[in-house]
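Chains, contacts and geometry: an overview
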Amino acid sequence: MGEKGKEILIAAGFVALSSLVFLAVVLSGIAVWNCNRENQEPEQAASGTPKYEYTVVDSGTVGDSDIAQSTGNVENADEVDSRDAASTDVIARSGKTGGKISIEPQILLQQSGVTITAQEYVTDSFWGDGIRILTENQSGHNITVGCTALIVNDYMITDLFAVNVADGKKDQSVIYFLSSELKAAGIERIGKIEIYFHIYDSDSWDDLYNSGCITIQTSDYDNMDSTPDDMGQELYNANGIRIVGKEVDEDSFWGMAVLLYIENNSGRNIVVSCDDLSVNDYMMTPLFVSTVYNGKKAIDDITIFSSELEENGITYLERVEFTLQIRDNDTYEMISDTAPIQISTQ
């Protein structure tokens, strides 16, 4: 290899390492911020918080379409993907031990030389709760394993999991559930965990396997939190999809956030996004894309960056306006483009 090639490899390695370090710093910052905020919430609750009023400017919607109700589930959709899902519907159960949540060690997936085993339920004081996973790779490929979706007690939850495993090697890592999202959904007792694994070739980036729904039941299954946290102002209710505006958080990690509850009983997986967002009549760039599988729920927020608020001299929220787009997650067909939704202080 020439000197130029060596320089390129060194530069590429430095970029990759820098990206990992940056990601770790961001995730650590979010975790520390969440911890500090939880300690401050009792004081904030005592002092009172601003209340907001949601208004749909026009009760009609644009682009609504009827959705054929399906008796199938998400696993059937993966079967259509022509991949062998024979090993992808596994349930691990365990009795209670010492009052702590536990699972029984269980093989979750065996496919094309890749074996994934759930070893134990873990709780970390910094990262929160999760499942320790052993990945064994005898596939003949260097692989990367991640989660297409992670669902806890029927709520879509962001996972912190992606591992690289060289051919012939093993990896032991933890799929953590973001504690802030569990808290937002009102989940304290975790009883059911659903995972969709995605495996691809680390060298060619070719897809190797997308699993169906793999279900793990914990020792708290019979007592798990399952009541929908849907208190708030209903913003949309059609086609088997319901969206509720819950609150406006003016002190979120990135700036300001509009918290939404989304429930999907449409018969297909959906993705909800936001457009035409303004704060005090100033246009903003929202950060919001929420994927909700059929039969599942999500607590998610529309994020508005503090830098944009500062650039426009906004120090106090008077009104927020936005629209929501709901699409089929698989075909990207438009299901609904809502009328403008306004939020104003009472």
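Whatever comes next refers back to the structure up there.
Notes on the structure in this doc start here. What you are looking at is a predicted structure, and each value in this text was computed from that prediction instead of being measured.

Quick look at the overall build of the protein chain now. Across its full length, the protein chain holds four helices and 24 strands. At a minimum sequence separation of 6, the contacts of the protein chain that also span at least 24 residues come to 65%. Just so you have it, the protein chain exposes about 17700 Å², and 49% of that area is on carbon and sulfur atoms.

Here we take up the packing of aromatic side chains. For the structure on display, the rule yields four aromatic pairs. Ring centres 5.1 Å apart and planes at 75° place the aromatic pair Y196 and Y293 in the edge-to-face group. In this pair, Y196 is assigned in strand β12 (residues 192–201) and Y293 in the loop between β20 (289–292) and β21 (296–305), connecting sequence segments 97 residues apart. Residues Y196 and Y293 agree in their burial class; the two are buried. An aromatic cluster of at least three residues, connected via ring pairs, comprises F126, W127 and Y176. One residue, K297, lies across the ring of Y155, its end atom 5.2 Å from the ring centre.

Now for the sheet that holds strand β4 (residues 106–111). What the five strands build is an open sheet, ordered β4-β5-β6-β11-β9; its pairing is antiparallel. The strands lining the two open edges of the sheet, one partner per strand, are β4 and β9 (159–160). Strand direction decides the pairing type here: strand β5 (residues 114–124) and strand β6 (residues 128–137), joined by ten bridges, are antiparallel. The residue bridging V122 from the neighbouring strand is G130, located in β6.

The next point concerns unusual backbone geometry. The phi angle at N153 is positive, at roughly 50°, despite the residue not being glycine. Mapped onto the elements of the fold, N153 is located in the loop between β7 (143–152) and β8 (155–156). According to the relative accessible area criterion, N153 is buried, its value standing at 1%. Positive phi, normally seen in glycine, also occurs at N280, with a value near 50°.

Mapped onto the elements, I214 comes out in strand β14 (residues 214–217). A relative accessible area of 0% places I214 in the buried class. For the pair formed by I214 and I193, sequence separation is 21 residues and the distance between their alpha carbons is 8.2 Å.

Opposite charge on two side chains permits them to pair, given that their charged atoms come into close proximity. Enumeration over the complete set of coordinates arrives at twelve salt bridges. Residue E333 is joined to R268 by a salt bridge in which the shortest nitrogen-to-oxygen separation is 3.2 Å. Of this pair, E333 sits in the loop between β22 (319–328) and β23 (334–338) while R268 sits in the loop between β17 (255–264) and β18 (270–279), and the two are 65 residues apart along the sequence. The class for E333 is partly exposed, based on a relative accessible area of 37%. A salt bridge links E318 to R319, with the nearest nitrogen and oxygen atoms 3.2 Å apart. Here E318 falls in the partly exposed class, since its relative accessible area comes to 40%. The exposure class of R319 is partly exposed, given its relative accessible area of 34%. The network of salt bridges with common partners includes D154, K192, E194 and K296.

Here we take up the side chain of N137. Its place among the elements puts N137 in strand β6. Looking at N137, its side chain comes within polar contact range of the main-chain oxygen of V165, at 3.0 Å. The residues touching N137, leaving out its near neighbours within four places in the chain, are G113, V114, N142, I143, V165, A166, D167, G168 and K169.

This next bit is on the nonpolar core. Of all hydrophobic cores here, the largest spans 37 residues; its most connected members are I175, F177, I190, I193 and F197. A total of five residues in this core trace back to one element, the largest contributor, which is β7. The next biggest cluster of nonpolar side chains, apart from the first, holds 36 residues, and it includes A149, V279, M284 and I302.

A separate point is the pairing of β18. For β18, a buried count of eight out of ten residues is recorded, marking the element as mostly surrounded by other parts of the structure. As defined by bridge partners, β18 adjoins β20 across four bridges and the pair is classed as antiparallel. Its bridge partner being in β20, I270 is matched across the sheet by V292. Both β18 and β22 contribute to a ladder of eight bridges, which runs antiparallel. The partner of V272 across the bridge, within β22, is I326.

The rules behind these values
- Residues numbered from 1 in each chain as written.
- Predicted model: local features only at pLDDT ≥ 70, side-chain atom pairs only at ≥ 80, totals over all residues.
- Heavy atoms only, no water.
- Helix = DSSP H or I, 4+ residues; strand = E, 2+ residues; numbered from the N terminus.
- Contact = heavy atoms within 4.5 Å.
- Areas by Shrake-Rupley, 256 points an atom, 1.4 Å probe, with all protein chains shown as cover.
- Phe/Tyr/Trp six-rings, centres within 6.5 Å; stacked < 30°, edge-to-face > 60°.
- Buried < 20%, exposed > 50% of the residue type's maximum accessible area, 1.4 Å probe, protein only.
- Lys NZ or Arg CZ within 6 Å of the ring centre and 35° of its normal.
- Pairing = 2+ DSSP bridges.
- Salt bridge = Lys/Arg side-chain N within 4 Å of Asp/Glu carboxyl O.
- Polar contact = N/O pair within 3.5 Å; in protein donor to acceptor, adjacent residues only side chain to side chain.
- Core = buried A, V, L, I, M, F, W, Y, C linked by side-chain atoms within 4.5 Å.

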